[in-house]
Structures are given as C-alpha cells and as structure tokens.
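# Observations on chain architecture
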Amino acid sequence: MNDWTEKIIACWVHEKVRLNLGASREEIHQAEKKLGFLFPKDFKMLYLRVNGLEDWLPNLFTLWSLEQIIAESQICPNPQFIGFSDYSIHCHDIGFLKDQEGIFKYSHAPEKIAETFEIGLTLIQTDSILIY
C-alpha cells in the first residue's frame, strides 16, 4: 500500500473518524462504468482501503462512498463534474472534471485546486485555505 494512504488513514483513525470498509476492484470498475469516468490510480488505491467516511472530518469535510459519488453525480448541474467530497453539507464540493486532469472545487463553477487526488486530499486533511 502507498505510504500517503497509510498516513491519511492513520490521521482519520487518530481523529476517531469512522471509516467505511474498502471497495472491491469490481465495485470501483462498476462505478467507473456508471459515471463514464476512469478514476485516477491514487483514488483507487485509497478506495480499496476506505470507501468513504461515515463521519465528517473536524474541518467539516467528508469523503463520499462510491454509492454517494454516483448519486451526487446524477443531481449535479454540471455533467462534467464528479464530486467525491463536500464541505459543510454542500457549501461546495471537491472532485474531478471528466475532461480535465486535477482536482476541482465546485460551487458555481469549477476551480482547480490540485494536480492529483493525493494532493487534493492532503489539502483537505491539512485544512489548506485552498479548499475554502
């Protein structure tokens, strides 16, 4: 397992955040088919260990399960946006764009905040100003 996934999971355990059990490769593949989007490798590495969070993080962000990612994508007004996290019950979402690399903050329009999922999650975990 990748070192960054172990570190972020250890932080969540230390913060007493309840974690969902990891998804299977088949569940990830089925989600990709439904979304018409291939998740990046670093996303898959984490989701094999943790399929989202049952709780909010201390900074009021959460990490969605694959099921919630699919459900949220169906109601998102931007069909190119695939969210995986939100701040304080949808003040804004964090996710991917189908046609661009990177991680985006989305409220009214997507704004790029990171090059990779790992960096995006690190910004959330460290409470970076870029995520607000």
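Just above, that's the structure.
Residues numbered from 1 in each chain as written. Predicted model: local features only at pLDDT ≥ 70, side-chain atom pairs only at ≥ 80, totals over all residues. Heavy atoms only, no water.

We now examine the pairing of strand β6 (residues 100-106). With respect to burial, β6 is a largely interior element, five of its seven residues being buried. Linking strand β5 (residues 92-97) to β6, which pair antiparallel, is a turn of two residues. The pairing of β6 with strand β7 (residues 110-114) spans four bridges and is antiparallel. Looking at β7, one finds that Tyr 106 is bridged to Pro 110. (Buried < 20%, exposed > 50% of the residue type's maximum accessible area, 1.4 Å probe, protein only. Helix = DSSP H or I, 4+ residues; strand = E, 2+ residues; numbered from the N terminus. Pairing = 2+ DSSP bridges.)

Another point: the sheet that holds β6. With antiparallel pairing, the five strands of this open sheet are ordered in space as β3-β4-β5-β6-β7. Each of the sheet's edge strands pairs with one partner strand only, and the pair in question is β3 (61-63) and β7. Going from strand to strand, the sheet's axes swing by 40° on average, the running direction of each strand aside. (Axes fitted to C-alpha atoms, helices over the stretch in contact; angles between N-to-C directions.)

Considering all chains together, one arrives at seven salt bridges under this definition. Note that Arg 18 is salt-bridged to Glu 54, the shortest N-O span being 3.4 Å. Of the two residues, Arg 18 sits in the loop between α1 (3-14) and β1 (19-21) while Glu 54 sits in the loop between β2 (50-53) and β3, which places them 36 residues apart along the sequence. Given the relative accessible area of 47%, Arg 18 is considered partly exposed. As a salt-bridge pair, Arg 18 and Asp 55 come within 2.7 Å of each other at their nearest N and O atoms. You can see Arg 18 sitting in the loop between α1 and β1 and its partner Asp 55 sitting in the loop between β2 and β3, a full 37 residues away along the chain. You can call Asp 55 buried: its relative accessible area is 17%. Taken together, the salt bridges that share partners define one network made up of Arg 18, Glu 54 and Asp 55. (Salt bridge = Lys/Arg side-chain N within 4 Å of Asp/Glu carboxyl O.)

Take the packing of α1 against helix α5 (residues 117-125) next. Running from N to C, α1 and α5 point in directions that differ by 25°, and their axes come no closer than 11 Å. One way to sum up the angle between α1 and α5 is to call them roughly parallel. For the element pair α1 and α5, the recorded crossing hand is left-handed. Here Trp 4, Ile 8, Cys 11 and Trp 12 of α1 come into contact with α5, specifically with Phe 117, Glu 118, Leu 121 and Gln 125. Residue composition of the contact of α1 with α5, grouped by class: six nonpolar, one polar and one charged. (Parallel < 35°, antiparallel > 145°, perpendicular 65-115°, else oblique. Left-handed = near helix turned anticlockwise from the far one by under 90°. Contact = heavy atoms within 4.5 Å. Nonpolar A, V, L, I, M, F, W, Y, C, P; charged D, E, K, R; others polar.)

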